[in-house]
Each structure stands twice: as structure tokens, then as C-alpha cells.
Amino acid sequence: MPTHAISYHSFSTPAGLSPEDQALLEAARQALVHSYSPYSNFKVAAAARLADGTVVTGWNTENAAYPMCICAEPATLAAAASSRPGMPVIAMAITVKSPTQVLEEPASPCGSCRQQLHEHETRFGQPLRLILRGETGPVYVFDKAGDLLPFGFSGGML
Ligand code: THU
């Protein structure tokens, strides 16, 4: 049977990251306070580093019409596009805060977010590194967003 393996880096604490990635994760953590999530009370925030070094942040924004919720990851991609049109995002740190538990494992981007992150990196032809952490605990780093979307749909099929 064919198999597909996903490889990623796991660091027991952020201290194992490069100073740049540590700073990006800290920027994401600080952005959690902006999350507008009165329905789930689940906060998600992200910080993106662009190819020119600019850092932008974003967070989840919910709506009384639940399906209209905007996830932190596409909000951050949109913030990057507004801030520096045409400039690729080369890394994104994503972190979360649950209202009911201290999340000790990284929460992974949902399927829709993975699709959008992967489109971004294929569009610009540059890997988009993902740095994931819960409230505490290990940090997982994926060298490119496509690693989280095996067998994903891509424009090459159109
Ligand atoms: N959420 C994100 O912001 N990103 C994800 O990848 C998964 C889920 C948000 C949406 C909603 O506001 C809350 O988390 C609970 O699902």
C-alpha cells in the first residue's frame, strides 16, 4: 500500500528556534489579545514574516452567523497583502488559547487554512514555514505549508 510521510521539526521549547522564529512566535502570542471570538472563546493568532522582513499579525474574527468566522491564518495573509502588496510571506507562527484547558500541544491549521497557506506558497514559488505552538509545550515547525496538505487540490488540476 502506498504511504505518505509528513516530516516536521519538534522543539521541546521555543528556545530551540532561531531568534527570528522565537520573535515571530512571541508576536503571535501577543496578538491573541485582539482575537474577536465571543462565540467559541477560542483565540487564535498568527504572525507572518514577509520576504522583506516586515512582520504583520492577525487573529480569528467570529460572527453571529457562525460560518462567516474568519480564521487567524487567512486574516494574517490578508494583512500581509494589504501591508506589502506582492510581497511573499515566508514564515508564519500560529498559536492558540483555549477557554477550557491549557493546550500543551500545537493546534494545527484547519483544512481551509491549509489550502490558503499552500496557495500562497505556490503562487509566490517560495516555501512558507509554519511554526505552531499551543499555550505551552513543544513547538512544531513545518518547512513548507504544503507539507500539511498532502494530496491537496491545486490549480494545476484546472
Ligand atoms: N480557527 C482559526 O482561526 N484557525 C484555524 O485554523 C482553526 C480555527 C478559529 C475559528 C474560530 O473562530 C475558532 O478558531 C474556533 O473554531
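The structure this text deals with has already been given above.
On a predicted model such as this, the values are computed, not experimentally measured, just so you know.

**Student:** Tell me about the sheet that holds strand β3 (residues 55-59), residues and numbers included.
**Tutor:** Spatial strand order, β1-β6-β5-β4-β2-β3: six strands in an open sheet with mixed pairing. Strand pairing shows two members of the sheet lacking a second neighbour, β1 (9-11) and β3, which therefore form its edges. In this sheet, adjacent strand axes meet at a mean angle of 20 degrees when their direction is disregarded. Across the face of the sheet, helix α1 (residues 19-31) comes into contact with β2 (43-50), β3, β4 (89-97), β5 (129-133) and β6 (139-142) while running at roughly 140 degrees to β2.

**Student:** Go over the site of the ligand with me, naming the residues and quoting the values.
**Tutor:** The environment of the ligand is made up of Ser 40, Phe 42, Val 44, Asn 60, Glu 62, Cys 71, Ala 72, Glu 73, Pro 109, Cys 110 and Cys 113. Within the side chain of Asn 60, a nitrogen or oxygen atom sits 2.9 Å from an oxygen atom of the ligand. The backbone of Ala 72 places a nitrogen or oxygen atom 2.9 Å from an oxygen atom of the ligand. If you map the ligand onto the pockets, it falls in the largest pocket.

**Student:** Could you give an account of the nonpolar core, with specific residues and numbers?
**Tutor:** General note: in soluble globular proteins, nonpolar side chains tend to be found buried as a group. Core analysis: the largest hydrophobic core is formed by 21 residues, its most contacted members being Val 89, Met 92, Ile 94, Leu 117, Leu 128 and Leu 130. At the level of secondary structure, the elements contributing two or more residues to this core comprise β2, α2 (72-83), β4, β5 and β6. Beyond its immediate stretch of four places on either side in the chain, Leu 117 contacts Glu 73, Leu 77, Met 92, Pro 109, Leu 128, Leu 130 and Ala 145. Leu 24, Leu 25, Ala 27 and Ala 47 belong to the second-largest nonpolar core, a separate cluster that totals 11 residues.

**Student:** Pulling in residues and values, what's your account of the side chain of Thr 54?
**Tutor:** With respect to the secondary-structure elements, Thr 54 resides in the loop between β2 and β3. There is a polar contact of 2.8 Å between the side chain of Thr 54 and the side chain of Asp 52. When neighbours within four sequence positions are excluded, Thr 54 is seen to be in contact with Ala 48, Arg 49, Ser 83 and Arg 84.

**Student:** Explain α2 to me, using residue names and the numbers behind them.
**Tutor:** With 12 residues, α2 should cover 16 Å at 1.5 Å per step; its first-to-last C-alpha distance of 16 Å lies within 8% of that length. For α2, the set of buried residues is Ala 72, Glu 73, Pro 74, Thr 76, Leu 77 and Ala 80. Check the buried side of α2 and you find it contacts β2, β3, β4 and α3 (111-124).

Parameters and conventions
Residues numbered from 1 in each chain as written. Predicted model: local features only at pLDDT ≥ 70, side-chain atom pairs only at ≥ 80, totals over all residues. Heavy atoms only, no water. Pairing = 2+ DSSP bridges. Helix = DSSP H or I, 4+ residues; strand = E, 2+ residues; numbered from the N terminus. Axes fitted to C-alpha atoms, helices over the stretch in contact; angles between N-to-C directions. Contact = heavy atoms within 4.5 Å. Near = heavy atom within 4 Å. Polar contact = N/O pair within 3.5 Å; in protein donor to acceptor, adjacent residues only side chain to side chain. 1 Å grid on protein atoms, 1.4 Å probe; cavity = no way out; pocket = protein on both sides within 12 Å on 5 of 7 lines; lining within 4 Å. Sits in = over half its atoms within 2 Å of the grid points. Core = buried A, V, L, I, M, F, W, Y, C linked by side-chain atoms within 4.5 Å. Buried < 20%, exposed > 50% of the residue type's maximum accessible area, 1.4 Å probe, protein only. Expected span 1.5 Å × (residues − 1).

None of this, on its own, says anything about what the molecule does.
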